[in-house]
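So you can see what is in the structure, the chains are spelled out below.
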Amino acid sequence: MSNKVHTGRVIIRFGAELLVENPDDPSFPVRCTAKRKFDTIVCGDKITWRHNQHGNASVIDLLPRKNALTRPGYRGRPRTIAANIDQLVIVNSWLPETSWHLVDRYLIAAQQLKADALIIMNKSDLAKKHATQDDWRNLDIYREIGYEVLEVNALDGQGIDRLSTLMQDKTSIFSGRSGVGKSSIANQILPDTDITVGIISESGEGKHTTTTATLYQLPTGGYLIDSPGVRDYALGNISTEELSKGYIEFAPFADNCRFNNCTHDHEPKCAVREAVKQGKISKERYQRYIEALHKLEEG
Ligand SMILES: Nc1nc2c(ncn2[C@@H]2O[C@H](COP(=O)(O)OP(=O)(O)OP(=O)(O)O)[C@@H](O)[C@H]2O)c(=O)[nH]1
Ligand SMILES: [Mg+2]
Ligand SMILES: [Zn+2]
């Protein structure tokens, strides 16, 4: 075995073992063992590695990250899910129903990661039965403030071409609740891949089928990371400033607030609140922002 140093991205991590891209033979990723000091390496990381005398491979180094998506884990400790993300694909469905708070939280996360964000409404075949006026209104609000909202059907392929185009040459991570169809959509985008898909219960709840974030190379260039479904995506440790920056439609008004550290809550002469009054910012989004702000302030 040559002693050459290779560079590759981490496909999946299980314990001390990593499956890593092999530039010499892309269809055969290599298994690498990682020392304790590399415990922080996650799916999507770029690393250097080499074959060793025993026929296996080991990690030499972790290369600098652009960013990393973390989730509050058990006991409140943040858990890193994946690294080097260009685009957060927020996957929702009509059943299980969508939490707009959760969508907002992912948009805040995207802003923090300096990543693009894309909102997917999957299971369009179930819209007739499950969609409410409120749901359509919320989707329109996201469109109005500049996000792309895609209606998708992972069973018949509706919306998949557009999604593929938007994913080209980027690393996109699929995030959202369990059972919304992240892996089903990934299967549509990756025709040669067969990711396990789960069932949902009568009540619409997913069964947490995907358990580990996994990186897939896209035939058209770029990468897709399929990730495990979340129950809730708490905000974690962010400042009130970071929170308000996640509501991108506030930005054009926030400069005109009387106080430059205005939280747009009860401060006098708040230009954001004024914009809400005048219908220039949606009441729904503002209301969710205030709820999130109070939650943050409670600690
Ligand atoms: N009716 C309908 N069902 C769908 C659609 N897309 C996915 N499903 C079904 O939804 C269920 C859950 O799909 P998955 O792809 O496993 O969902 P997931 O988001 O990956 O779930 P986790 O891995 O648990 O996070 C499966 O039974 C799919 O067949 C769709 O467009 N329409
Ligand atoms: Mg899945
Ligand atoms: Zn303000």
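See the structure shown above.
Owing to the predicted nature of the structure, the values given are computational and were not obtained by experimental measurement.

Caption draft 1: Geometry of the coordination of the zinc ion (ligand 3). Summarising the metal site, the zinc ion (ligand 3) is bound by the protein donors Cys257 (SG), Cys262 (SG), His264 (ND1) and Cys270 (SG), whose distances to it range over 2.1 to 2.4 Å. Donor residues for the zinc ion (ligand 3), ordered by position in the chain, follow C-x4-C-x1-H-x5-C. With a gap of 13 residues between them, Cys257 in the loop between helix H7 (251-254) and helix H8 (271-277) and Cys270 in the loop between H7 and H8 connect regions that are remote in the sequence. Assessed through its relative accessible area of 8%, Cys257 is described here as buried.

Caption draft 2: Focus on the side chain of Asp135. For Asp135, the location among the structural elements is in helix H3 (residues 133-144). Buried and unpaired, Asp135 has Arg288 as its nearest opposite-charge partner, separated by 8.9 Å. Among the polar contacts made by the side chain of Asp135, one reaches the side chain of Trp100 at a distance of 3.4 Å. Apart from the residues lying within four places of it in its own chain, the contact partners of Asp135 are Trp94, Trp100 and His130.

Caption draft 3: Examining the site of ligand 1 more closely. For ligand 1, the set of nearby residues contains 23 residues, the closest of which are Asp125, Ser178, Ser184, Gly198 and Thr210. One of the side-chain nitrogen or oxygen atoms of Lys123 is found 3.1 Å away from an oxygen atom of ligand 1. The backbone of His208 places a nitrogen or oxygen atom 3.3 Å from an oxygen atom of ligand 1. Protein contact buries 89% of the 660 Å² of open area that ligand 1 shows by itself. No other element matches helix H5 (residues 182-189), which puts 3 residues into the shell around ligand 1. Tallied by class, residues from the shell around ligand 1 come to 7 nonpolar, 12 polar and 4 charged.

Caption draft 4: Fine view of the pattern of salt bridges. Within the structure shown, the criterion is met by 15 salt bridges. Glu284 is the partner of Arg137 in a salt bridge, and the nearest nitrogen-oxygen pair spans 3.1 Å. Placement of Arg137 in helix H3 and of Glu284 in helix H9 (residues 283-298) is noted, with a sequence separation of 147 residues between them. Owing to a relative accessible area of 35%, Arg137 belongs among the partly exposed residues under this scheme. When salt bridges that share partners are traced, they join Asp104, Glu249, Arg285 and Arg288 into one network.

The rules we used
Each chain has its residues counted from 1, running along the sequence as written. Chains and ligands are labelled sequentially in the order written, the chains with letters from A and the ligands with numbers from 1. At least 70 in pLDDT is required for a residue's local features to be given in this predicted model, at least 80 for side-chain atom pairs to be given and counted, and no such filter applies to totals for whole chains, interfaces and linings, which use all residues. Heavy atoms from the whole structure form the basis of all side-chain values; hydrogens and water molecules are not counted. Because no water is among the atoms considered, metal sites can look incomplete, with donors defined as N, O and S atoms within 2.8 Å of the metal, or 3.2 Å for Na, K and Ca. Each helix is a run of DSSP H or I of at least 4 residues and each strand a run of E of at least 2, with the numbering of both proceeding from the N terminus. When accessible area is computed with a 1.4 Å probe and restricted to protein chains, residues below 20% of their type maximum are described as buried, those above 50% as exposed, and intermediate ones as partly exposed. The sign given to each residue is positive for Lys and Arg and negative for Asp and Glu; His and the chain ends receive no count. For this analysis, a salt bridge means a side-chain nitrogen from Lys or Arg found within 4 Å of a carboxyl oxygen belonging to Asp or Glu. Definition of a polar contact: a pair of N or O atoms within 3.5 Å, with one able to donate and the other able to accept a hydrogen when the atoms are protein atoms, and with sequence-neighbouring residues admitted only if both atoms are side-chain atoms. Only heavy atoms enter the contact rule, under which two residues are in contact if any of them lie within 4.5 Å. For this description, a residue counts as near a given molecule or strand if any of its non-hydrogen atoms is within 4 Å of it. Only the protein chains shown count as cover for residues, and all accessible areas are computed by the Shrake-Rupley method using a 1.4 Å probe. Residues are grouped as follows: Ala, Val, Leu, Ile, Met, Phe, Trp, Tyr, Cys and Pro are nonpolar; Asp, Glu, Lys and Arg are charged; every other residue, Gly included, is polar.

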